[in-house]
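Descriptive structure summary
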Amino acid sequence: MSWNDIIAQHRVKKIINTSIELNRLPHALLFYGSEGVGKDAAAIHLAKVLNCKSGGTDSCDDCTDCKQINTLQHPNLNLVFAMPVGKGEESSDSPIEKISADDMANIYSQIEQKAKNFYHKIAIDKANTIKISSIRDVRRKTAMSVSGKGKRVIIIMNAEDMGIEASNALLKTLEEPPQNTILILTSSNKDALLPTIVSRCQLIRFDELTENQIKEALIIRENVDEEKSNIIARLANGNYRRALEMINTDFFEKRSQLVNFLVLVLTSDTLKISQEVERIVKSSSKPEIEQFFLMLNVWFRDVKTMQEGADNIINTDLLSRLTKFLNRYPNGDFHRIITAIEKSISLIQKNVYIPLVFFRFIVTIRNILLVKSKDF
Ligand SMILES: [Zn+2]
């Protein structure tokens, strides 16, 4: 893996490379920007460059240090992230001391997946906050000597997961920067960080990824065919991690279920609709529900595109179903439906009770399509 493997972000790479060349890399960096644009991936890659035996601005990917970073096992690399709290755990315990064997297995498996793909998001059940003990651990490690000629790199992923105590502990480390160590905080919610932390870091803003950049990455890096890449890139909405998750789901089946759902919502009685909503909510995770609404969004954008007489639709393989749908509701206000879908997605992200989001949306879409169609 080289800098070329970090998708786009040319401005960011230039800033970092210039700092390395001039030997002016600050001791604390904050990589911020939307989710899934490559902040963690760039942070890990930077750790590799700083420890690679070649000593240049990019890694050789072949020396023992590079190989150890690739498996996330290098002694100079410390990853800090939210972890579950063990039974009876106190803040004086080490962060992993009281964690159950199952949770530990889950953590290892997440790290393994991150090593396979730096764009993977470490997501551990019941892990909501970065523990103060994890930050104390960082401080303890910075007192030990650095292995080889490299630099110690501490990456605090989703730094906004730090509570106030952990933040204050980190602040101490930032105030007395340890030797030969670089701290990289990553965050998709910079405003949730303590201003005193933000002001002690050099801020590096990551750009949004375009639909085209995601599409190309899927084709070249993941061998996804062009048609599927088109759809996934649209659904991913700038988030490459989400795109990766979609490759591995039964994406086409899910999309076809979605069309069936629409038919049901527009033709059945309340009881049947509630049963279906209950089934979907029970069998899906929150990201899956979000993906469901994103797919709905693309579906209605396609219907609207066809209604306007244009032909640049995304679900090209579902042309006949799209046509049938539009023929049924030729005067539908699809713009209002799309707005309602976007509202639903934002409610899900705000943790509003999911069945409520569904019913709100269903009432809206029935009002728009069914009540209107009676007028004709
Ligand atoms: Zn190397």
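Scroll up a little and you will see the structure.
Residues numbered from 1 in each chain as written. Predicted model: local features only at pLDDT ≥ 70, side-chain atom pairs only at ≥ 80, totals over all residues.

So, the sheet that holds strand E4 (residues 181–187)
Using the following cut-off: We treat two strands as partners when DSSP finds at least two bridges between them. Helix and strand assignments follow DSSP, with helices taken as H or I runs no shorter than four residues and strands as E runs no shorter than two, numbered in order from the N terminus. To get an axis, fit a line to the C-alpha atoms, keeping to the stretch in contact for a helix; angles then go from 0 to 180 degrees between the N-to-C directions.
Overall, parallel pairing links the five strands, which are arranged E2-E3-E4-E1-E5 in an open sheet. The sheet is open, and its two borders are formed by strand E2 (77–80) and strand E5 (202–205), each paired with just one other strand. Within this sheet the neighbouring strands show an average axis-to-axis angle of 20°, counted without direction.

Points about the packing of helix H8 (residues 211–222) against helix H10 (residues 240–247)
What counts here: When an angle is under 35 degrees it counts as roughly parallel; over 145 it counts as roughly antiparallel; between 65 and 115 it counts as roughly perpendicular; any other value is oblique. The hand of a helix crossing depends on one turn: near helix anticlockwise from the far one by less than a right angle means left-handed, and clockwise means right-handed. A residue pair is marked as a contact if its C-beta atoms, positioned from the backbone, fall within 7 Å. Think of it as three bins: nonpolar holds Ala, Val, Leu, Ile, Met, Phe, Trp, Tyr, Cys and Pro, charged holds Asp, Glu, Lys and Arg, and polar takes everything else, Gly as well.
Two elements in contact, H8 and H10, have axes separated by 11 Å at closest approach and are oriented at 50°. Considering their axes alone, H8 and H10 lie oblique with respect to each other. In terms of crossing hand, the pair formed by H8 and H10 is right-handed. Here Ile214, Ala217, Leu218 and Glu222 of H8 lie close against H10, whose contacting residues are Tyr240, Ala243 and Ile247. When grouped by side-chain class, the residues that make up the contact of H8 with H10 number six nonpolar, no polar and one charged.

Thoughts on the pairing of strand E1 (residues 28–32)
Where we set the bar: Buried, partly exposed and exposed are defined by the number of other C-beta atoms within 10 Å of a residue's own C-beta, namely 20 or more, between the two limits, and 12 or fewer respectively, with C-beta atoms placed from the backbone.
With four of its five residues buried, E1 lies for the most part within the structure. As defined by bridge partners, E1 adjoins E4 across five bridges and the pair is classed as parallel. Paired with Tyr32 across the two strands is Ser187, which belongs to E4. Relative to E5, E1 runs parallel, the two being bridged by four bridges. Across the sheet, residue Leu29 finds its bridge partner in E5, namely Gln202.

A word on the packing of helix H13 (residues 286–307) against helix H15 (residues 334–349)
Two elements in contact, H13 and H15, have axes separated by 9 Å at closest approach and are oriented at 165°. In terms of their interaxial angle, H13 and H15 are classed as roughly antiparallel. Crossing of H13 over H15 shows left-handed handedness. On the side of H13, the interface is formed by Lys286, Ile289, Glu290, Phe293, Leu294, Leu296, Asn297, Phe300, Arg301, Val303, Lys304 and Gln307, while H15 contributes Phe334, His335, Ile337, Ile338, Ile341, Glu342, Ser344, Ile345 and Ile348.

Considerations on helix H5 (residues 132–142)
The set of residues buried in H5 consists of Ile132, Ser133, Ser134, Ile135 and Val138. Where the residues of H5 are buried, they touch E2, strand E3 (152–156) and helix H6 (164–175).

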